[in-house]
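Architecture at a glance
One letter stands for each residue in the lines below.
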Amino acid sequence: MNFGAVSAIYKAEMARFFRTLLQSFISPVISTSLYFVVFGSAIGGRIQEVEGIPYAAFIVPGLVMLSVMTQATSNASFAIYFPKFIGTMYEYLSAPISFFEVTLGFVGAAATKALFIGLVILATATLFVDLTILHPVSMLAFLILTCVSFSLLGFIIGIWAKNFEQLQLIPLLVITPLVFLGGSFYSISMLPPAWQIVTRFNPVVYLISGFRWSFFGQADVPIGVSLLAISGFTALCLGIIWLIFRTGWRIRS
Amino acid sequence: MPPIVSVKDLTKTYPGGFTALSGVSLDIEEGEIIALLGPNGAGKTTLISAICGITMPSGGTIEVGGHDVVRDYRRARDLIGLVPQEIALEPFSTVWNNVRFTRGLFDRPRDDAYLEGLLRDLSLWDKRDAKVMELSGGMKRRVLIAKALSHGPRVLFLDEPTAGVDVELRKDMWRVVERLREEGVTIILTTHYIEEAEAIADRIGVISRGRIMLVERTEELMRRLGKKELRIELSEPVGPLPDGLRRDGLERAADGQALIYTYDTHAERTGITALLADLQASGLQLADLSTSNSSLEEIFVGLVKEDGQ
């Protein structure tokens, strides 16, 4: 195991994050505050409660997940696309490192950034609502697993993308809709029965449900199913990455 | 001693069907400097890319330091430093961090003194805290070299190192290469400049259309190149050479219409004066005289042309 390489990649990626720390920090804080103003105060004033939880508090887990998923995906996809774009990919290919080490360095850094942003949003949320976290360990585990799995997804997108447009395409067309339709701002039980079944095919539902359970002890799907879903998703992404490196697809000519 | 780099029957066909290398075999001895010459698109960069792990070979085997570059890639690549042809660097990071990063990729412990020496050798020390994007093209090329040397490789690949490089950098670079040679580092470089290959390489290989046309010791190649031919056209065909004319290097052309004298331009005496005096004495009538030489350039062009036909 080449730990030196993992640490070199991780540090270089984190350095990029710290170079733009202010942007990384301010934009999630502002967007979260906006969500609270719009959903929490304006709409929440009419909805009052969802499943016995004040609406403003109910949306916190969904808000955190929304940002964490999009940030993890875009961070990781950009991180691996950038060396392809500027031509420094040769360094990773000619160094004595395995696909696992490259992935660990890049995904580790992207997941760290996403986790940091997730925690910042959580902290921001406490300024607007009273939050009690019923199962803190489970909350952290879900948060970290989501950071890792969506960073893996972003990593795949970054390798796949041939230009900046494609880099934006998947997050915009797939992830954002899935998150919005995944019960970020409502309970699945509020939907008509037919749509409840359709929603079961949305993987994000399981993540948000499990995450919300960690806060309030209530979930749309059993917590075990949520854990299984996110573990399966992580394994799937890892498998795809392993295949990519094995075949050299879009990396090694 | 086994070769440090051993390429056997290497072929590379790209998915589009283009064959960049067809059956290349090449052994490189430890500590030598070998120059690969060839026109653009000959396959020089593909060969280097295959050895370094950037391109996957379609067939054949490559070993570096006795390690197969595919199966035992860690140990093989551990020995290799690569200076690519195109300038590609992380623009937002400093020179120092760029070089340290590469050292990290090769799992070497931090050694600031070594990197300082490296940057000083390449006149980069003053620029160590500058961001790469602020540097000139020549400076960026120096950074590429520093990165390739950051982990102390045993085999260094320089892909067109002097293309578009000013005199100052070229001098610096050859000084570094000279020092590496003394340390026993094997150096493989590709170049368009034949004089450069002559000046620095122990051996010269010529590549054309994905095949190695020739690999020869530089001095042998130069000896062959240093020869000139004097062609003496005669008014009347001549039979066997008269005794007074017989000497080393003089031959009768097949039809007897000409004599061909091969001589060494570097020799103290070429023997031309004596030959001309003896010719006059023999009574042969000269119709014309011409000389031609075979430079590396000509051999090179000749080989490539032959191959093209």
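Residue positions are given per chain, counting from 1 as you read along its sequence in written order. All chains are assigned letters beginning at A, and all ligands numbers beginning at 1, according to the order in which they are written. Reporting of local features is limited, given that this is a predicted model, to residues whose pLDDT is at least 70; pairs of side-chain atoms are given and counted only at 80 or more, and all residues count toward the totals for whole chains, interfaces and linings. Hydrogens are left out, water is left out, and the side-chain values use all remaining heavy atoms of the structure.

As annotated in an unreviewed UniProt entry, chain B carries the name ABC-type multidrug transport system, ATPase component and comes from Limimaricola hongkongensis DSM 17492.

As annotated in an unreviewed UniProt entry, chain A carries the name Transport permease protein and is attributed to Limimaricola hongkongensis DSM 17492. Word for word, the UniProt comment on chain A under Sequence similarities (unreviewed entry) is "Belongs to the ABC-2 integral membrane protein family." UniProt positions are given in the numbering used here, feature names are shortened, and annotations may be inferred rather than shown by experiment.

What follows concerns the overall build of chain A. Helix and strand assignments follow DSSP, with helices taken as H or I runs no shorter than four residues and strands as E runs no shorter than two, numbered in order from the N terminus. When you go through chain A residue by residue, the secondary structure sums to 11 helices and 2 strands. Order of helices (α) and strands (β) in chain A, N terminus to C terminus: α-α-β-β-α-α-α-α-α-α-α-α-α. Relative to a compact globule of 253 residues, whose C-alpha radius of gyration would be 18 Å, chain A shows 19 Å and is just as compact. Summarising the internal contacts of chain A: among those between residues at least 6 apart in sequence, 79% fall at separations of at least 24. Surface accessibility follows the Shrake-Rupley procedure with a 1.4 Å probe radius. Residue values consider only the protein chains on display as shielding. In the structure as shown, chain A presents an accessible area of about 11000 Å², 73% of it carried by carbon and sulfur atoms. Measuring between centres, the 12 positive side-chain charges of chain A sit 12 Å from its 8 negative side-chain charges. The globule rule used for comparison is 2.2 Å times the number of residues to the exponent 0.38, while the radius of gyration itself is calculated over C-alpha atoms. Any pair of residues with heavy atoms lying within 4.5 Å of one another is described as a contacting pair. In this charge count, Lys and Arg are treated as positive and Asp and Glu as negative; neither His nor the chain ends contribute. In this description, the location of a charge corresponds to atom NZ of lysine, CZ of arginine, CG of aspartate or CD of glutamate.

A few words on the interface of chain B and chain A. Opposite the 27 residues of chain B that make contact, chain A presents 28 residues. The buried area of a pairing is the accessible area, by a 1.4 Å probe, that goes missing from both parts when the two are put together, added over both. Of the roughly 2400 Å² buried between chain B and chain A, counting both surfaces, carbon and sulfur atoms make up 57%. The three residues of chain B that bury the most area against chain A are B:R74, B:F101 and B:L105, which together make up 26% of that side's buried surface. For this analysis, a salt bridge means a side-chain nitrogen from Lys or Arg found within 4 Å of a carboxyl oxygen belonging to Asp or Glu. Applying the counting criterion to the chain B and chain A interface returns 4 salt bridges. Between B:R74 and A:E101 there is a salt bridge, with its nearest N and O atoms 2.8 Å apart. Any pair of nitrogen or oxygen atoms within 3.5 Å is treated as a polar contact; in protein, a donor-acceptor pairing is required on top of that, and neighbouring residues in sequence qualify only through side-chain atoms on both sides. Linking chain B to chain A there are 11 residue pairs in polar contact (both at pLDDT 80 or more). Put simply, the parts of the chain that give the side of chain B that touches chain A at least two residues each are α2 (73–78), α3 (95–105) and α5 (137–149) of chain B.

Residue and element names in this part refer to chain A. Looking at where V179 falls in the secondary structure, it is placed in helix α8 (residues 164–180). Overall, the relative accessible area of 0% leaves V179 in the buried class. Put simply, V179 and G62 are 117 residues apart on the chain and 8.2 Å apart in space, counted from C-alpha to C-alpha. Apart from the residues within four sequence positions on either side, V179 is in contact with L66, M69, S184, V204 and I208. Exposure categories follow from relative accessible area, calculated using a 1.4 Å probe and restricted to protein chains: below 20% of the type maximum is buried, above 50% is exposed, and the middle band is partly exposed.

Now for the pattern of salt bridges. Proximity of charged atoms lets side chains of opposite charge pair with each other. Residues and elements named next belong to chain B. Counted by the stated rule, this structure contains 24 salt bridges over all chains. When the shortest N-O distance is used, the salt bridge between R108 and D78 registers 3.0 Å. Placement of the pair is R108 in the loop between α3 and α4 (112–121) and D78 in helix α2, with a sequence separation of 30 residues. With relative accessibility at 24%, the residue R108 sits in the partly exposed group. A residue is classified by how much of its surface remains accessible, and D78, at 26% relative accessible area, is partly exposed. Salt-bridge contacts for E196 lead to R170; the nearest nitrogen and oxygen are separated by 3.8 Å. Separated by 26 residues along the polypeptide, E196 in helix α7 (residues 194–200) and R170 in helix α6 (residues 167–182) bring together distant segments of the chain. Assessed through its relative accessible area of 24%, R170 is described here as partly exposed.

This part covers the packing of helix α4 (residues 60–86) of chain A against α8(A). All names here are of chain A. Following both chains from N to C, one finds α4 and α8 inclined at 165 degrees, their axes separated by 10 Å at the closest point. Between α4 and α8, the crossing angle belongs to the class labelled roughly antiparallel. Handedness of the α4/α8 crossing: right-handed. Note on element contacts: α8 touches α4 through F164, L167, P171, I175, T176, V179 and F180, opposite L66, M69, T70, T73, S77, F78, Y81 and F85. When residue character is reported, Ala, Val, Leu, Ile, Met, Phe, Trp, Tyr, Cys and Pro are called nonpolar, Asp, Glu, Lys and Arg charged, and the others, Gly included, polar. Per-class residue counts for the contact of α4 with α8 are 11 nonpolar, 4 polar and no charged. Axis lines are fitted through C-alpha atoms, for helices just across the contact stretch, and the angle between N-to-C directions can take any value from 0 to 180 degrees. Here roughly perpendicular refers to angles of 65 to 115 degrees, roughly parallel to angles under 35, roughly antiparallel to angles over 145, and oblique to all remaining angles. Note on convention: near helix rotated counterclockwise from far helix by under a right angle means a left-handed crossing. Clockwise means right-handed.

A word on the sheet that holds strand β4 (residues 59–64) of chain B. Residues and elements named next belong to chain B. Two strands pair if DSSP finds at least two bridges between them. In spatial order, the strands read β2-β1-β4-β5; together these 4 strands make up an open sheet with antiparallel pairing. A strand with exactly one partner marks an edge of an open sheet, and here the two such strands are β2 (19–28) and β5 (67–68). When strand β1 (residues 5–13) meets β2, the two strands line up antiparallel, connected through 6 bridges. By the bridge assignment, T13 is partnered in β2 with T19.

The subject of this paragraph is unusual backbone geometry. Most peptide bonds are trans, and most residues other than glycine sit at a negative phi. All names here are of chain B. In this model, D9 sits at a positive phi of 50 degrees, which is unusual for a non-glycine residue. One can find D9 in strand β1. Despite not being glycine, R209 has its phi angle at roughly 45 degrees, a positive value. With respect to the element layout, R209 can be found in the loop between β9 (203–208) and β10 (211–217). R209 gets classed as exposed once you look at its relative accessible area, which sits at 56%.

Strands pair in a sheet through their backbones, by hydrogen bonds, and they do so in one of two ways: parallel or antiparallel. Residue and element names in this part refer to chain B. Strand order across the open sheet formed by 6 strands is β6-β7-β8-β3-β9-β10, with mixed pairing between neighbours. Across the chains shown, the open sheet's two edge strands, defined by having one partner strand only, are β6 (80–83) and β10. The average angle at which neighbouring strand axes cross in this sheet is 15 degrees, direction not considered. Taken together, the 5 bridges between strand β7 (residues 155–159) and strand β8 (residues 186–191) define a ladder with parallel strand orientation.

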